[in-house]
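The residues making up each chain are set out below.
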Amino acid sequence: MKVTIVGSGFVGQTTAMRVLQKGLAEVVLTDIVEGLPQGLALDMKESAPVERFEPLITGTNDYAATAGSDVVVITAGFPRQPGMSRMDLLAKNAAIIRGVVGEIAPSSPDAILIVVTNPLDEMTALAADVSGFPKERVMGMAGVLDSARLRYFIAEELGVSPLVVEAMTLGSHGDAMVALPRHATVDGRPLPELTDEATLERLFQRTRDGGAEIVGLLKKGSAYYAPSASVAKMIEAIAGGTDEVLPVCAWATGHYGIRDTYVGVPVRLGAGGVREIVELDLNDDELAALRQAADGIRAKCEDLAKL
Ligand SMILES: NC(=O)c1ccc[n+]([C@@H]2O[C@H](COP(=O)([O-])OP(=O)(O)OC[C@H]3O[C@@H](n4cnc5c(N)ncnc54)[C@H](O)[C@@H]3O)[C@@H](O)[C@H]2O)c1
């Protein structure tokens, strides 16, 4: 597998390192800043003898080296600063996505695109439009991250290991995130049996605000360890053809009553990209929240088309 990572900032470089250390693929790391991807790639290669992985990474500012990629992860763009919403990044990052996808798509026509740049759902839809790729090969990373945050917060609250907590979030990456308490388990036990509704709501809200909490603490830039772990998880499913069910920003064509929009849904992820959208048993409130998230994304995409 050849994985290109566009953008060598915090998310891009940590994703590259994780992919290398897991031995998932050969990596091409790019950026517009001269020397940055080259320097990072050299530094990673020098860690190979100690960490014991094959140093299969190229750092470059030239798109020629990305040709024939199997997966392209797009992290290029501005992150949030304290007080900013992800939507504040819309116009600036849309211009970057248009440029990047315009460069990448012609020479990697069979690639799977994983968009990370915010605002996530809208940038994923834009990447699909600009590339013209089949929708099952264009997706966004947000649900794996939001779910991981929720799983960690549940574990912290209940004093258990995050490894025994399962939970999934759907909808959009932001205020319209949909948490599914009925589907969450701790050591196999349903979450609602283990805590009260007010606590659940507090944990869900902390998850919705999870990115902002870290932006507020860092003061400069946004989260990257959990985001890069989430991207690597998606690449692992694609590279290994695992068909694992993960929450991914994917193109819905009638699933959950949602048509023709990108939205966070559970998908079977494997060779070739999104193999299938999995329809969980949602109650009326959960369905309504998911549809509302999809309506919000659609409206923002319409705004974006006018920019
Ligand atoms: N989807 C998610 O869950 C999630 C999580 C974390 C961060 N993000 C988003 O990911 C993006 C990157 O975050 P980061 O922390 O790595 O930011 P960063 O500022 O550390 O890195 C961004 C990099 O993109 C590069 N870049 C800018 N324009 C480019 C272009 N046209 N071509 C190639 N490279 C270009 C910059 O030079 C910089 O190195 C942000 O938009 C952030 O909001 C999303």
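1. As for the nonpolar core
One broad rule of soluble globular proteins: the nonpolar side chains tend to lie buried together.
Line of reasoning, step 1. The biggest cluster of nonpolar side chains holds 51 residues, and the ones touching the most others in it are Val 73, Ile 114, Met 139, Met 234, Ile 235 and Leu 269.
Line of reasoning, step 2. In terms of residue count, helix α8 (residues 225-240) provides more of this core than any other element does, 5 residues in total.
Line of reasoning, step 3. With near-sequence residues (within four places) excluded, Met 139 lies in contact with Ile 112, Leu 113, Ile 114, Val 115, Thr 124, Met 234, Ile 238, Val 248, Cys 249, Leu 269, Gly 273 and Val 274.
Line of reasoning, step 4. Judged by nonpolar contacts, the second largest core, of 26 residues, contains Val 72, Leu 90, Ala 125 and Ala 128.

2. Some details on the packing of helix α4 (residues 120-131) against helix α9 (residues 284-306)
Line of reasoning, step 1. The contact between α4 and α9 brings their axes to 9 Å, and the two run at 60°. With respect to α9, the element α4 is oriented oblique. For the crossing formed where α4 meets α9, the hand is right-handed. Residue-level inspection shows Asp 121, Glu 122, Met 123, Ala 125 and Leu 126 of α4 in contact with α9, the latter providing Ile 297, Lys 300, Cys 301 and Leu 304.
Line of reasoning, step 2. Here the residues of the contact of α4 with α9 sort into 6 nonpolar, no polar and 3 charged.

3. Side note on the site of the ligand
Line of reasoning, step 1. The local shell around the ligand holds 27 residues, among which Val 11, Asp 31, Phe 78, Val 116 and Met 141 are the closest.
Line of reasoning, step 2. Gly 77 is positioned with one of its backbone polar atoms (N or O) 3.4 Å from an oxygen atom of the ligand.
Line of reasoning, step 3. When the free accessible area of the ligand is taken as 860 Å², the share hidden by the protein chains comes to 87%.
Line of reasoning, step 4. With respect to the detected pockets, the ligand is housed in the largest pocket.
Line of reasoning, step 5. If you list the elements that add at least two residues to the shell around the ligand, you get α1 (10-21) and α3 (90-107).
Line of reasoning, step 6. Top contributing element to the shell around the ligand by residue count: α3, with 3 residues.
Line of reasoning, step 7. Here the residues of the shell around the ligand sort into 17 nonpolar, 9 polar and 1 charged.

4. Section: unusual backbone geometry
Line of reasoning, step 1. Omega for the peptide link from Asn 118 to Pro 119 comes to -5°, which places this bond in the cis form.
Line of reasoning, step 2. Structurally, Pro 119 can be placed in the loop between β5 (112-115) and α4.
Line of reasoning, step 3. Residue Arg 52 is not a glycine yet carries a positive backbone phi of 65°.
Line of reasoning, step 4. Along the chain, Arg 52 turns up in the loop between α2 (36-51) and β3 (57-60).
Line of reasoning, step 5. A positive phi is found at Asp 187, a non-glycine position, where the angle reads about 55°.
Line of reasoning, step 6. A relative accessible area of 59% means that Asp 187 is categorised as exposed.

Rules and cut-offs
Residues numbered from 1 in each chain as written. Predicted model: local features only at pLDDT ≥ 70, side-chain atom pairs only at ≥ 80, totals over all residues. Heavy atoms only, no water. Core = buried A, V, L, I, M, F, W, Y, C linked by side-chain atoms within 4.5 Å. Buried < 20%, exposed > 50% of the residue type's maximum accessible area, 1.4 Å probe, protein only. Helix = DSSP H or I, 4+ residues; strand = E, 2+ residues; numbered from the N terminus. Contact = heavy atoms within 4.5 Å. Axes fitted to C-alpha atoms, helices over the stretch in contact; angles between N-to-C directions. Parallel < 35°, antiparallel > 145°, perpendicular 65-115°, else oblique. Left-handed = near helix turned anticlockwise from the far one by under 90°. Nonpolar A, V, L, I, M, F, W, Y, C, P; charged D, E, K, R; others polar. Near = heavy atom within 4 Å. Polar contact = N/O pair within 3.5 Å; in protein donor to acceptor, adjacent residues only side chain to side chain. Areas by Shrake-Rupley, 256 points an atom, 1.4 Å probe, with all protein chains shown as cover. 1 Å grid on protein atoms, 1.4 Å probe; cavity = no way out; pocket = protein on both sides within 12 Å on 5 of 7 lines; lining within 4 Å. Sits in = over half its atoms within 2 Å of the grid points.

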